[in-house]
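What the coordinates show
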Amino acid sequence: MLKRLLVIFLLTALVGIFSLTALASPEGQTLIFGATGELRTLDPHVSVDNNAWRAIYYCYDRLVEYELGTTELAPGLAESWKVSPGGLTYTFYLRKGIKFIDGTPFNAEAVKFNFDRLLGMALAPSGTFGFIDRVDVVDGYTVNFILKEPFAPGVSAFATDQGNIVGPGVMDHEVNGDWGQDWLTEHSAGTGPFYVEEWTHGVRVVLARNDDYWGEPAKLEKVVIKYVPEAADLRMLLETGEVDIGEKLIVDQIEAMKGTPGVTVFEAPSFCCHYVYMNCQKPYLNDVRVRQAISYAVNYDGIINDLWRGTATQMRGPVPMGLVGHDDTVFQYQQDLEKAKGLLAEAGYPGGGFTLKIMHAPVIPEWRPMALVIQEGLAQIGIKVEIESYAWATLRDKLDKGDFDMSHGYWTPDYADADMFTWFWFNSENWGLAGNRSWYKNAVMDELVTRSRTEVDPDKRLGLFRGIQWIGTSDAVYLYLLQINYQIVMRDWVKGYVYNPMLLNMPNFPDMYIEK
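The text that follows walks through the structure, step by step, so that each part is easy to find. (Residues numbered from 1 in each chain as written. Predicted model: local features only at pLDDT ≥ 70, side-chain atom pairs only at ≥ 80, totals over all residues. Heavy atoms only, no water.)

As a packed pair, helix H13 (residues 443–454) and helix H14 (residues 458–474) sit with axes 9 Å apart at the nearest point and diverge in direction by 150 degrees. By the angle between their axes, H13 is roughly antiparallel relative to H14. Considering the relative orientation of H13 and H14, their crossing is left-handed. Here H13 contributes Val444, Met445, Leu448, Val449, Arg451 and Ser452 to the contact with H14, which in turn contributes Arg461, Leu464, Phe465, Gly467, Ile468, Ile471 and Gly472. Classifying every residue of the contact of H13 with H14 gives 8 nonpolar, 3 polar and 2 charged. (Axes fitted to C-alpha atoms, helices over the stretch in contact; angles between N-to-C directions. Helix = DSSP H or I, 4+ residues; strand = E, 2+ residues; numbered from the N terminus. Parallel < 35°, antiparallel > 145°, perpendicular 65-115°, else oblique. Left-handed = near helix turned anticlockwise from the far one by under 90°. Contact = heavy atoms within 4.5 Å. Nonpolar A, V, L, I, M, F, W, Y, C, P; charged D, E, K, R; others polar.)

What follows is the structure, given as structure tokens:
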């Protein structure tokens with residue numbers, strides 16, 4: 001049902017894009033986007049943060065792109081491509097006459113540089129392209145990607161934010177072999193319809209239109225991403241019209257704004273999942289029985305119905321419903337306090353008697369009340385939970401270092417394949433921000449997720465995904481909480497917005513405009 005609804009939304013989610021006034025490009029228009037999350041870096045080879053990707057994505061192009069409002073692939077910087085019969089070589093035929101924002105020509109050497117930089121820096125975004133062995137320049141506008149082994153998700157990885165093509169001119173700013181990372185933290189170096197004009201930390205990021213863009217130019221002259229840390233303040237700014245569009249508001253606030261004159265609330269099913277990382281390397285949590293006990297102690301219905309007002313569904317395993325590879329027979333935890341107490345006793349902790357800490361960040365307003373529900377449930381089995389609040393950047397640093405017991409988090413796929421959840425969440429090579437944020441290690445799981453990446457037979461691959469989901473649930477690697485509906489609030493003068501579940505939190509700024 002969710003999959004069918006998602007298709008319907010993808011076909012109908014255009015907000016005024018067919019208005020005749022869209023045929024003209026408004027001059028001097030600035031869109032104000034209100035965001036509750038602050039950025040850490042604007043370097044696409046460093047960031048794995050949707051809050052940063054919102055600013056990054058449209059400053060760059062990719063070899064392939066998502067068709068507007070769909071999960072289908074379309075030509076981008078590559079006008080065409082082919083995959084060899086054995087699946088070990090991807091050949092991209094590049095467009096000519098394109099320049100990066102600094103005037104550097106785009107060509108095959110630039111593509112090779114980009115992936116040499118991405119893989120050479122070997123930070124979290126490089127994990128998406130771990131299947132690449134090397135990149136060969138065939139001629140000025142043809143490039144081959146030689147794979148280590150077949151990659152089942154295919155070319156779709158190249159449409160992700162990690163697939164942004166960074167220009168070689170960034171090396172003009174290299175310091176001490178950093179690949180220009182320090183400079184690119186606050187700038188952009190792409191071929192996209194926008195570029196970073198300004199970043200005032202804690203205040204705003206300003207994207208300016210690239211008037212020399214090779215494709216259809218953006219309708220907006222500028223996009224200002226305004227940092228509004230408190231959801232209540234963001235609601236007020238939306239209601240007064242000082243902000244044109246924004247996220248993330250509390251569900252109750254969104255419900256209250258429905259029907260407000262001049263305000264539009266867009267809602268659609270999504271693949272976005274909210275869950276809790278349980279650090280498998282920490283005392284107590286390194287025992288699967290303790291993690292299972294915690295999973296049985298949580299009041300899932302209370303979280304979904306009381307906090308999310310029915311705009312979410314309880315997760316059934318790690319792969320979201322509606323995504324190819326999801327197994328709807330996977331075991332689903334429900335609150336069972338007696339079973340939870342029995343598991344604690346079996347683990348050697350009758351009556352609990354220990355303390356765990358759970359982190360959250362204000363960027364998702366629902367996380368604190370969710371933490372309170374978890375705290376209440378665990379108290380009933382004798383586990384004391386201390387709730388800690390951190391700034392978004394601090395929380396992510398602690399996640400990457402494994403410096404936590406439990407933490408709220410969310411995940412959205414970058415390409416429409418279960419691999420986005422199974423490989424990243426469970427492979428022990430991906431500890432930290434790369435994806436395995438529970439710091440989980442299981443040799444059997446490592447083998448299964450690796451095989452699922454290379455298996456090209458669809459039925460065999462589904463079998464591997466089924467095993468991964470059952471083990472991931474049985475081992476209680478995470479607290480599998482909920483899969484949410486995506487909601488975003490905008491003034492009704494904002495036109496051209498099109499929803500894409502693969503680009504959650506990244507509105508299609510180039511197509512949007514204002515009509516008052």
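Take the pattern of salt bridges next. Any two side chains of opposite charge can pair if their charged atoms end up close together. Evaluation of the coordinates by the stated rule reveals 22 salt bridges. For Arg289, the salt bridge identified is with Asp287, shortest N-O distance 2.9 Å. When its relative accessible area of 15% is taken as the criterion, Asp287 is described as buried. The closest approach of N and O atoms between Asp417 and Arg461, which form a salt bridge, is 2.8 Å. Of the two residues, Asp417 is situated in the loop between strand E16 (406–411) and helix H12 (419–426) and Arg461 in helix H14; the sequence distance between them amounts to 44 residues. For the pair Asp417 and Arg461, one class covers both residues: buried. Shared partners join several salt bridges into a network, and the residues in it are Asp133, Arg134 and Asp136. (Salt bridge = Lys/Arg side-chain N within 4 Å of Asp/Glu carboxyl O. Buried < 20%, exposed > 50% of the residue type's maximum accessible area, 1.4 Å probe, protein only.)

Where H12 contacts H13, the axes come no closer than 9 Å and their chain directions differ by 145 degrees. In this structure, H12 meets H13 at a crossing whose hand is left-handed. Listed contacts from H13 to Asp419, Thr422, Trp423, Phe424 and Phe426 of H12 are Met445, Asp446, Val449, Thr450, Ser452 and Arg453. Considering only residue class, the contact of H12 with H13 consists of 5 nonpolar, 3 polar and 3 charged.

With that settled, the discussion passes to the sheet that holds strand E6 (residues 132–139). A sheet is described by the order of its strands in space; here 4 strands give the open sequence E4-E5-E7-E6, paired in antiparallel fashion. In this open sheet, the two strands that pair with only one neighbour each are strand E4 (78–83) and E6. Strand-to-strand twist across the sheet, computed as the mean angle between neighbouring axes with direction ignored, equals 20 degrees. The pairing of E6 with strand E7 (residues 142–147) spans 6 bridges and is classified as antiparallel. Its bridge partner lying in E7, Ile132 is registered against Leu147. In the packing of helix H3 (residues 108–121) onto the sheet, the strands contacted are strand E5 (89–94), E6 and E7, and the crossing angle to E6 comes to about 165 degrees. (Pairing = 2+ DSSP bridges.)

In this structure, the amide linkage connecting Glu247 to the following residue, Lys248, adopts the cis form with an omega of 10 degrees. Inspection of the secondary structure assignment puts Lys248 in the loop between strand E11 (245–247) and helix H6 (251–257). We note that Trp179 has phi near 60 degrees; this positive angle belongs to a residue other than glycine. Inspection of the secondary structure assignment puts Trp179 in the loop between E7 and helix H4 (181–184).

This brings us to the layout of surface pockets. When its volume is computed, the largest pocket comes out at roughly 760 Å³. What lines the largest pocket is a set of 33 residues, and nearest its centre among them are Glu65, Tyr66, Leu68, Pro510 and Asp511. Those elements that provide at least two residues to the lining of the largest pocket are strand E2 (64–66) and strand E3 (73–75). Of the residues assigned to the lining of the largest pocket, the class counts are 19 nonpolar, 6 polar and 8 charged. (1 Å grid on protein atoms, 1.4 Å probe; cavity = no way out; pocket = protein on both sides within 12 Å on 5 of 7 lines; lining within 4 Å. Points joined across faces, edges and corners; volume = space filled by probe spheres on them.)

With 151 residues, the main nonpolar core has Leu63, Phe92, Phe115, Phe145 and Phe158 as its most contacted residues. Contact partners of Leu63, with chain neighbours within four places excluded, come to Pro75, Gly76, Leu77, Ala78, Phe92, Leu94, Val111, Phe115, Phe145, Phe158 and Ile165. In terms of nonpolar packing, the next biggest core, distinct from the first, is built from 14 residues, Ile32, Val228, Ala231 and Leu249 among them. (Core = buried A, V, L, I, M, F, W, Y, C linked by side-chain atoms within 4.5 Å.)

This buried residue, Lys248, is left without a salt bridge; Glu247 holds the nearest opposite charge, at 4.5 Å. Not counting the four nearest positions on each side in its chain, Lys248 is found in contact with Thr36, Asn51, Arg54, Ala231, Leu234, Val363, Ile364, Pro365, Tyr410 and Asn505. (Lys, Arg positive; Asp, Glu negative; His and termini not counted.)

Moving on to the pairing of strand E17 (residues 478–491). In regular strands, side chains alternate between the two faces of the sheet. A large share of E17 lies buried, amounting to 13 of its 14 residues. Where strand E12 (residues 263–278) lies against E17, 12 bridges are found, and the strand directions are antiparallel. Of the residues in E17, the one forming a bridge with Tyr277 is Tyr478. With 3 bridges connecting them, strand E13 (residues 312–314) and E17 associate as antiparallel partners. Residue pairing across strands places Thr313 opposite Gln483, the latter belonging to E17.

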